[in-house]
Amino acid sequence: ENCRFDQGDDGIVLKAGRNADAWRLGRSTENVVIRDCDMVKSHSLLGIGSELSGGVRNVWMTRCRVSDTYSMLRIKTGPRRGGFVENVWMDHCSGEKMIRVFNIFTSYCAQWGRFPDFELRRTRIRNINISDCTATVADYGILLEGDPLLPPRDIHVKDVAVERVVKKFTDISNCASVRLDGLSLGAADAARK
């Protein structure tokens, strides 16, 4: 809490080991509270993964700010990670310029096609909550790209406001039980939505 970060990679990132070593150890990252922090330039305000094979759960981020980022909340995993992400809350956070406000990306590393899949293990993602957050400008508001074989589920986005969206406010695929409440765009974007 009460920290200021200025770097070019993830602002605050939670990890829990990678692949076979993490499966063997079976230790999760859990019961994490992050509050009242400021980021200047980062890949994410809060990143989870992609090394999350031991599992990440019970995470709360509140009253944090970022100036320039790829995502405010980004969960990233791939078909070889396994593990889980569950019970995540982000509220009362704000950002200025970003690519995505909230992003789930389940094909991390697979998109490059240069790593063989010796053992496939899907990541269970559930009970992810983001509320009362604001952004000045974003390419996407909510971009959720789930795994069709194990879709993220129980996702709730409430009262998220973006002044200007460049591409699309919501783009959701391969997710189950997604609830969107009280999303709002700035006046110019709302008129052309």
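In the block above lies the structure referred to throughout.
Right, let's walk through the structure included here. If you're wondering where the values come from, they're calculated on a predicted model, not measured in any experiment.

1. Overview of the environment of aspartate 38
Part 1 of the reasoning: Relative to the elements of secondary structure, aspartate 38 occurs in strand β4 (residues 38-49).
Part 2 of the reasoning: Sequence spacing of aspartate 38 and glycine 11 is 27 residues, and the spatial spacing of their C-alpha atoms is 9.0 Å.
Part 3 of the reasoning: Those residues within four positions of aspartate 38 in sequence are excluded, and the remaining contacts are Cys3, Arg4, Phe5 and Arg65.

2. Describing the packing of aromatic side chains
Part 1 of the reasoning: Under the definition given, this model contains one aromatic pair.
Part 2 of the reasoning: Centre to centre, the rings of phenylalanine 105 and tyrosine 108 are 6.5 Å apart; their planes meet at 85 degrees, and the pair counts as edge-to-face.
Part 3 of the reasoning: According to the relative accessible area criterion, phenylalanine 105 is buried, its value standing at 12%.
Part 4 of the reasoning: Judged by relative accessible area, which is 22%, tyrosine 108 ranks as partly exposed.

3. Description of the pattern of salt bridges
Part 1 of the reasoning: The final tally for this structure, using the stated rule, is 14 salt bridges.
Part 2 of the reasoning: Its salt-bridge partner being arginine 57, residue glutamate 30 comes within 2.8 Å of it at the nearest N-O pair. In this pair, glutamate 30 is assigned in strand β3 (residues 29-35) and arginine 57 in strand β5 (residues 56-62), connecting sequence segments 27 residues apart.
Part 3 of the reasoning: Classification of glutamate 30 as partly exposed rests on a relative accessible area of 35%.
Part 4 of the reasoning: Arginine 57 sits in the partly exposed class, given a relative accessible area of 26%.

4. What to know about the side chain of threonine 77
Part 1 of the reasoning: The residue threonine 77 is located in the loop between β6 (65-76) and β7 (84-91) in this model.
Part 2 of the reasoning: Contact partners of threonine 77, with chain neighbours within four places excluded, come to Ser50, Leu52, Phe105, Thr106, Ser107, Tyr108, Thr123 and Ile125.

5. Remarks on the pairing of strand β9 (residues 124-145)
Part 1 of the reasoning: Looking at chain direction, β7 and β9 are connected through seven bridges and run parallel. In the strand pairing of β9, glutamate 86 is matched with arginine 126.
Part 2 of the reasoning: Direction of pairing for strand β8 (residues 94-105) relative to β9: parallel, over a ladder of nine bridges. Residue glycine 95 lies in a different strand from β9, and its bridge partner there is alanine 135.

6. Description of a nonpolar patch on the surface
Part 1 of the reasoning: A surface patch of nonpolar side chains, amounting to about 280 Å² of accessible area, comprises Val33, Trp60 and Trp89.
Part 2 of the reasoning: Within the secondary structure, tryptophan 60 is located in strand β5.

7. Focus on the nonpolar core
Part 1 of the reasoning: In terms of nonpolar packing, the biggest core is built from 42 residues, with Met90 and Phe102 touching the most fellow members.
Part 2 of the reasoning: Apart from the residues lying within four places of it in its own chain, the contact partners of phenylalanine 102 are Leu73, Ile128, Ile130, Gly141, Ile142, Leu143, Leu144, Ile155 and Val157.

Conventions and cut-offs
Residues numbered from 1 in each chain as written. Predicted model: local features only at pLDDT ≥ 70, side-chain atom pairs only at ≥ 80, totals over all residues. Heavy atoms only, no water. Helix = DSSP H or I, 4+ residues; strand = E, 2+ residues; numbered from the N terminus. Contact = heavy atoms within 4.5 Å. Phe/Tyr/Trp six-rings, centres within 6.5 Å; stacked < 30°, edge-to-face > 60°. Buried < 20%, exposed > 50% of the residue type's maximum accessible area, 1.4 Å probe, protein only. Salt bridge = Lys/Arg side-chain N within 4 Å of Asp/Glu carboxyl O. Pairing = 2+ DSSP bridges. Patch = residues over 30% accessible without salt bridge, like charges linked within 9 Å, V, L, I, M, F, W, Y side chains within 5 Å. Areas by Shrake-Rupley, 256 points an atom, 1.4 Å probe, with all protein chains shown as cover. Core = buried A, V, L, I, M, F, W, Y, C linked by side-chain atoms within 4.5 Å.

Take it as geometry only, folks, not as evidence of what the structure does.
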